[in-house]
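Per-entry structural report
Listed below, chain by chain, are the residues.
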Amino acid sequence: MSRSGILEQMREAKDRLCVALDVPKLAEAESLVRELHGSVGMFKIGLELYSAEGPRAVERVRELGGRVFLDLKLHDIPNTVARAARVLTRLGASFFNMHASGGSAMLRAAVDAVADEAVKAGVERPGVLGVTLLTSVPADVLHDELAVSRAVPDHVIALARLAQDCGLAGVVASAQEARMVRNACGVGFTIVTPGIRPRDAALADQRRVTTPAEALALGSDYIVVGRPILDAPDRAAACRAIVDELAGALQAA
Ligand code: C5P
């Protein structure tokens, strides 16, 4: 491969890595973004940082040059979610998400609100992602507590199809479900996968994990990595190792 081809592949690999800013304070998030934004494509702001710092967290990551995936997992009546979606659209995140189990009226109201607000505010339209089934919900909880009788994979596929039918850009899913979702929803439907562990990393509370390269091979567009980077002695080096692995997977594809 030519040198420009290799550089292009490294850029694509970098763009596919999203680092979870799972920290309680904006100052910590800012230093992570300063340290890592040259080596990763996107930063995920979740409930902890957003609850502590609010929209300022999104603004600061963007000011420091990072793209943002706002992982707030909205789930409420259609009017409330649509109004929140308008506010989030104006913040300039590249993606934000909601529970697909909120149903078609909620999902459609949000997608319409995002499209309308992006034009009104003159901002790029964020991609709306659906959460299918949290990986923390096992089959017995789905069946016995939530009274859903279908099997986990069938449930995930049904919610991914619902999200797609309602105009969402994609879903957040475990990499182990990525191939099924890709087969059901086709190319062009974004699949974001957390639960990633480089081969030598600690599992912590994650169980159903895949390596970065496996996740891409299974159809992920973006991988979300938290602790294997945040807890590394050299965080930038940990990012570079993952990007190298992703570049290798892209080359093999
Ligand atoms: O530290 P770790 O790499 O496990 O972080 C993964 C990130 O992805 C966390 O922010 C976590 O909240 C999120 N996440 C997850 N599993 C899901 C959905 C989101 O681990 N099913």
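Before reading further, recall that the structure is shown in the block above.
Read on for a plain summary of the structure. In this text the structure is predicted, and so the values were computed from the model without any measurement.

Parameters and conventions
Residues numbered from 1 in each chain as written. Predicted model: local features only at pLDDT ≥ 70, side-chain atom pairs only at ≥ 80, totals over all residues. Heavy atoms only, no water. 1 Å grid on protein atoms, 1.4 Å probe; cavity = no way out; pocket = protein on both sides within 12 Å on 5 of 7 lines; lining within 4 Å. Points joined across faces, edges and corners; volume = space filled by probe spheres on them. Nonpolar A, V, L, I, M, F, W, Y, C, P; charged D, E, K, R; others polar. Pairing = 2+ DSSP bridges. Helix = DSSP H or I, 4+ residues; strand = E, 2+ residues; numbered from the N terminus. Axes fitted to C-alpha atoms, helices over the stretch in contact; angles between N-to-C directions. Contact = heavy atoms within 4.5 Å. Parallel < 35°, antiparallel > 145°, perpendicular 65-115°, else oblique. Left-handed = near helix turned anticlockwise from the far one by under 90°. Buried < 20%, exposed > 50% of the residue type's maximum accessible area, 1.4 Å probe, protein only.

What follows deals with the layout of surface pockets. The rolling of a water-molecule-sized probe over the atoms marks out the regions of remaining empty space. If you add up the space inside the second largest pocket, you get close to 210 Å³. Lining of the second largest pocket is provided by Arg-62, Gly-66, Arg-67, Gly-92, Ala-93, Ser-94, Phe-95, Val-123, Glu-124, Arg-125 and Pro-126. A per-class count over the lining of the second largest pocket returns four nonpolar, three polar and four charged.

This part takes up the sheet that holds strand S6 (residues 170–172). Taken together, the eight strands give a closed barrel; going around it, the order is S1-S2-S3-S4-S5-S6-S7-S8, and neighbouring strands pair in parallel fashion. Strand-to-strand twist across the sheet, computed as the mean angle between neighbouring axes with direction ignored, equals 25°. Bridging between strand S7 (residues 190–193) and strand S8 (residues 222–225) involves two bridges; their strand directions are parallel. The residue bridging Val-192 from the neighbouring strand is Tyr-222, located in S8. Taken strand by strand, helix H6 (residues 104–121) contacts strand S3 (67–74), strand S4 (95–99) and strand S5 (127–131), and its axis lies near 160° from that of S4.

This brings us to the packing of helix H8 (residues 152–165) against helix H9 (residues 175–185). The geometry of H8 relative to H9 is characterised by a closest axis approach of 10 Å and an angle of 45° between their N-to-C directions. Considering their axes alone, H8 and H9 lie oblique with respect to each other. Viewed along their axes, H8 and H9 form a crossing whose handedness is right-handed. The segment H8 lies against H9, with Val-152, Pro-153, Val-156, Ile-157, Ala-160, Arg-161 and Gln-164 engaging Glu-177, Met-180, Val-181, Ala-184 and Cys-185. Considering only residue class, the contact of H8 with H9 consists of nine nonpolar, one polar and two charged.

It is worth spelling out the environment of Leu-21 at this point. Relative to the helices and strands, Leu-21 is located in the loop between strand S1 (17–20) and helix H2 (26–36). On the accessibility criterion, Leu-21 (1% relative accessible area) is buried. In this structure, Leu-21 is in contact with Ala-29, Leu-32, Val-33, Phe-43, Lys-44, Ile-45, Leu-49 and Val-61, ignoring residues within four places of it in sequence.

Bringing the packing of H2 against helix H4 (residues 55–63) into the picture now. Interaxial distance between H2 and H4 falls to 10 Å at its minimum, and their mutual angle equals 20°. Considered as vectors, H2 and H4 are oriented roughly parallel to each other. As for the relative orientation of H2 and H4, their crossing is right-handed in sense. In this structure, H2 uses Leu-26, Glu-30, Val-33 and Arg-34 to contact H4, whose residues at the interface are Arg-56, Ala-57, Arg-60 and Val-61. Looking at the contact of H2 with H4 residue by residue, the class counts come to four nonpolar, no polar and four charged.

What is shown is where atoms sit, not what they do.
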